[in-house]
Amino acid sequence: MLDAFQSHIQLRSLLNSESVYLLACSGGMDSMCLGELLIQTKIPFEVAHVNFQLRGEESEGDRQFVQNWAESHGIPFHLKLAETTELAQSKGISIQMAAREIRYAFFEEIRSQRNLAGILLAHHEDDQLETVFLNLLRGTGIEGVYGMADRKGWLIRPLLPFSRAEIQGFMLAQQLSWREDSSNEKDEYKRNNLRINGLPALLALEPDARKNLFTSFNRLKDTGRAFAGLFESWKKSSIRTEYPYQYLPFSAIQNQPGNSSLLYFWLRPFGFNSDQTQAIAEALNHPKTGTVFRGAGYLLQFDRNELILSPNQEDFEPVFLQKNETLLDLPEGKYSLNRLEYTDLIDRNPTHAQLDEDRLEFPLEIRTWKEGDKFVPLGMNSSKKISDFLIDLKVPVAKKQGVKVLVSGGEIAWVIGLRIADWAKCNPSTRRILHFKKT
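Residues numbered from 1 in each chain as written. Predicted model: local features only at pLDDT ≥ 70, side-chain atom pairs only at ≥ 80, totals over all residues. Heavy atoms only, no water.

1. Section: the pairing of strand 22 (residues 432–438)
Bridging between strand 14 (residues 333–341) and strand 22 involves seven bridges; their strand directions are antiparallel. Counted as the bridge partner of Ser336 is Lys437 from strand 22. As judged from the four bridges shared by strand 15 (residues 353–356) and strand 22, these two strands associate in the antiparallel manner. Residue pairing across strands places Leu355 opposite Leu434, the latter belonging to strand 22. (Pairing = 2+ DSSP bridges. Helix = DSSP H or I, 4+ residues; strand = E, 2+ residues; numbered from the N terminus.)

Encoded structure:
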């Protein structure tokens, strides 16, 4: 196993003798095996041990065993005495979740303080198999078969290619000792139940079951990588972004094979789950304008011919502009305020505005539009409700709720980013122009 371990860490560039690592060591067979392999390959490391104080004298025995072993090899030892039960109760989480939170926080604290090159975890092939099946039982998609990575951030798992049987064989051949955790034999925990009862029954079905399962998982991983590449290409060609909005035409998704998966990979970062994306895909068969799906902080809305992804609009507190201010900072972006002498050159950018400053009454108020608001759009003689104006412009529902107006003396002078009011326009009698220009 030693030769195979050396070949693996070199091939994957996981470890080197020029760096110092932190070994997470419980005292069990797996972490003690990894520690011995590190010693024999002359890779420098320090040891971190967490006493979760859940098994009384047995937990203290683990601590003493690991500390004695580390000290006998001249290896720096770091200990965490954890109040695991108290943390679980205070956070309303399981003991297992609390223990996980404690140990990873402790490992990272030591790694950072000691400026170590990585945190070494002794997960092996059997752990990987358990992880994949647990992922599948939770209902994960193709990413569920990816399992644990041999390197993720500071976490490094050098034993993933090796089975529990190989590790035990190495430890026995080397006449090395380890501690047995009695809780590993209790099958009330899901992972333990899978390891003790589920996987042995599954692996007994075929002589090459283990090998065939990993072959299947590797093929699925490769399929996943291929899909990820195709997804990025589809996303780049299909989704239009105008911050903070994203637009996906119905035509680019309705008849796409696997459209539910495409939607999931697009929307997952915005808090949508697989059940929602499946429902969205089904709704696309007969799309209805105004249909809304909600993620964590985001909305997906069906507009006339496209899906619009937008952040939830937070309540906007009115802003007041004094006469000499030079900057307007809104969630949609910043505007510079420039004072100009009159010119007949018109800034035709629809997001900008040129107003007759002498006709404005300061302070100017910027607020979200509300039902009943009216104004006289530029070029018209009669007033129009803002709601009707937005409908005429075909402003998507997703954008309507965030539209803001600039108010002067109780009158709307500008529907920001869309149209100024006719009464506030500049003309040859204008002396000073207040120019709002988006930066």
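2. Topic: the pattern of salt bridges
Per the counting criterion, the structure on display carries 28 salt bridges. Between Asp126 and Arg210 there is a salt bridge, with the nearest N and O atoms lying 2.9 Å from each other. Residue Asp126 is located in helix 6 (residues 125–137), and its partner Arg210 is located in helix 9 (residues 209–238); the two are separated by 84 residues in the primary sequence. Asp126 sits in the buried class, given a relative accessible area of 10%. Its relative accessible area of 27% is what places Arg210 among the partly exposed residues. Put simply, Glu242 and Arg240 hold a salt bridge, and the shortest N to O gap is 3.1 Å. Accessibility expressed as a relative area gives 36% for Glu242, which makes it partly exposed. With a relative accessible area of 37%, Arg240 lands in the partly exposed category. Overlapping salt bridges bring together Glu125, Asp126, Glu130, Arg164, Arg191 and Arg210 as one network. (Salt bridge = Lys/Arg side-chain N within 4 Å of Asp/Glu carboxyl O. Buried < 20%, exposed > 50% of the residue type's maximum accessible area, 1.4 Å probe, protein only.)

3. Side note on the packing of aromatic side chains
Think of a pair of aromatic rings as described by two things: how far the centres are apart, and how the planes are tilted against each other in angle. Inspection of every chain in the model, using the stated rule, returns 17 aromatic pairs. For the pair Tyr264 and Phe265, a centre-to-centre distance of 5.6 Å together with 85° between the ring planes defines the contact as edge-to-face. A relative accessible area of 18% means that Phe265 is categorised as buried. Site record: aromatic cluster; members linked through ring pairs are Phe227, Phe231, Trp234, Tyr264 and Phe265. The cationic tip of Arg240 hangs over the ring face of Tyr247; the distance from NZ or CZ to the ring centre is 4.1 Å. (Phe/Tyr/Trp six-rings, centres within 6.5 Å; stacked < 30°, edge-to-face > 60°. Lys NZ or Arg CZ within 6 Å of the ring centre and 35° of its normal.)

4. Some remarks on unusual backbone geometry
Following Tyr243, the chain continues into Pro244 via a peptide bond in cis, with omega recorded as 5°. Tracing the chain through its elements places Pro244 in the loop between strand 7 (240–242) and strand 8 (245–249). Here the residue pair Phe362 and Pro363 is connected by a cis peptide bond, since its omega of 0° sits within 30 degrees of zero. The topology assignment puts Pro363 in the loop between strand 15 and strand 16 (364–368). The backbone phi angle of Lys42 is positive, close to 60°, even though this residue is not glycine. When you line up the elements, Lys42 lands in the loop between helix 2 (29–40) and strand 2 (45–51). Backbone geometry at Gln175 places phi at a positive 55°, although glycine is not the residue there. Along the chain, Gln175 turns up in the loop between helix 7 (164–173) and helix 8 (190–203).

5. Details of the sheet that holds strand 22
On the basis of which strands lie adjacent, the open sheet formed by four strands has the order 13-14-22-15 and antiparallel pairing. Looking at which strands have only one partner, the edges of the open sheet turn out to be strand 13 (327–330) and strand 15. Geometrically, the sheet is characterised by an average inter-axis angle of 20° between neighbouring strands, direction not taken into account. (Axes fitted to C-alpha atoms, helices over the stretch in contact; angles between N-to-C directions.)

6. Things to note about the packing of helix 4 (residues 84–91) against helix 5 (residues 95–114)
When two helices pack together, their arrangement is given by the angle between the helix axes and by the axis-to-axis distance. The interhelical angle for the contact between helix 4 and helix 5, taken along N-to-C directions, is 110°, at an axis separation of 8 Å. In this view, helix 4 runs roughly perpendicular relative to helix 5, as classed from their interaxial angle. Judged by the sense of rotation from one axis to the other, the crossing of helix 4 with helix 5 is right-handed. Residues Thr84, Thr85, Leu87, Ala88 and Lys91 of helix 4 pack against Ile95, Ala98, Ala99, Glu101 and Ile102 of helix 5. (Parallel < 35°, antiparallel > 145°, perpendicular 65-115°, else oblique. Left-handed = near helix turned anticlockwise from the far one by under 90°. Contact = heavy atoms within 4.5 Å.)

7. Notes on the pairing of strand 8
Most of strand 8 sits inside the fold, with four of its five residues counted as buried. Where strand 7 and strand 8 come together, three bridges link them in antiparallel fashion. Along strand 8, the bridge assignment pairs Thr241 with Gln246. Following strand 7, the chain reverses through two residues before pairing antiparallel with strand 8. Strand direction decides the pairing type here: strand 8 and strand 11 (residues 306–311), joined by four bridges, are antiparallel. Bridged to Tyr247 within strand 11 is Ile308.

8. Quick word on helix 5
End to end, helix 5 covers 28 Å across 20 residues, agreeing with the expected 28 Å (1.5 Å per residue, within 8%). Within the sequence span of helix 5, burial applies to Ala98, Ala99, Ile102, Tyr104, Phe106, Phe107, Ile110 and Arg111. Against strand 1 (21–24), strand 2, strand 3 (77–81), helix 4, strand 4 (119–120) and strand 6 (155–156) lie the buried residues of helix 5. Just downstream of helix 5, Asn115 is the residue with a positive phi angle, here 55°. (Expected span 1.5 Å × (residues − 1).)

9. Structural notes on the sheet that holds strand 6
As summarised here, the arrangement of the six strands in space is 3-2-1-4-6-5, forming an open sheet in which the pairing is mixed. Every other strand in the sheet has two partners, leaving strand 3 and strand 5 (151–152) as the edge strands with one partner each. The strands that helix 3 (residues 57–72) touches are strand 1, strand 2 and strand 3; relative to strand 2, the one it contacts most, it runs at about 170°. Set on the sheet, helix 5 makes contact with strand 1, strand 2, strand 3, strand 4 and strand 6; between it and strand 2 the angle comes to about 150°.

10. Focus: the state of the cysteines
This structure, assessed with the given rule, holds zero disulfides. Free of any disulfide, Cys25 has its nearest neighbouring cysteine sulfur in Cys33, separated by 11 Å. (Disulfide = S-S within 2.5 Å.)

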